[in-house]
Amino acid sequence: MKKLALIASAAFLAAAGPALADEWDFMLTNATGKLITKIEVAPAGSGTWVDNKVDAELNKDGKVKPNGKTTVHFDKAASACKFDVRATFEDKTNAVWPNINLCDNSYVTVAFTGEKPTFKAN
């Protein structure tokens, strides 16, 4: 009986594994004045970029118009809260907004002050 309970518990945990993955998301507002064609997220300073997991029902092509919004889906690193966000624009340039605390903030607005990437998170 104990063996059966142990097997059932192991099967439940194996099936629940994907549901226990640390998939996170946040709402990104594009205040850059440029069309964003690609968004990537990496643990701060790592340079290990992972593409946004685009939700096809909400944003079919993954692009974010100026003043537009999109939900960014990514896998959260085990112990990291600070992430870098990189956007690639229609003109093939890109910009990085470093050290955004995505544990405490669900809304991020990316912009430029002059030519410097700036963000507001809340």
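In what follows, the structure referred to is the one given above.
The structure displayed is predicted, hence computed values, not measured ones. (Residues numbered from 1 in each chain as written. Predicted model: local features only at pLDDT ≥ 70, side-chain atom pairs only at ≥ 80, totals over all residues. Heavy atoms only, no water.)

**Some points on the sheet that holds strand S3 (residues 50-51)**
Part 1: With antiparallel pairing, four strands are arranged side by side in an open sheet as S3-S2-S5-S6. Single-partner strands in this sheet number two, and they are S3 and strand S6 (94-101).
Part 2: One ladder, built from six bridges, connects strand S5 (residues 82-89) with S6; its direction is antiparallel. Its bridge partner being in S6, Val85 is matched across the sheet by Trp97. (Pairing = 2+ DSSP bridges. Helix = DSSP H or I, 4+ residues; strand = E, 2+ residues; numbered from the N terminus.)

**Topic: the nonpolar core**
Part 1: Counting 19 residues, the largest nonpolar core has Phe26, Leu28, Ile36, Ile39, Trp97 and Leu102 as the members making the most contacts within it.
Part 2: Take this core: its biggest share by element is four residues, from S5.
Part 3: Discounting residues that sit within four places of it in the chain, Phe26 has contacts with Val41, Thr70, Thr71, Val72, Phe74, Val85, Leu102, Asn105, Ser106 and Val108. (Core = buried A, V, L, I, M, F, W, Y, C linked by side-chain atoms within 4.5 Å. Buried < 20%, exposed > 50% of the residue type's maximum accessible area, 1.4 Å probe, protein only. Contact = heavy atoms within 4.5 Å.)

**Describing unusual backbone geometry**
Part 1: If you check the backbone angles, Lys92 has positive phi at about 75° while not being a glycine.
Part 2: Following the sequence through the fold, Lys92 ends up in the loop between S5 and S6.
Part 3: The exposed category is assigned to Lys92, whose relative accessible area is 70%.
Part 4: Unlike most non-glycine residues, Asn99 shows phi in positive territory, near 55°.
Part 5: By the secondary structure assignment, Asn99 is in strand S6.

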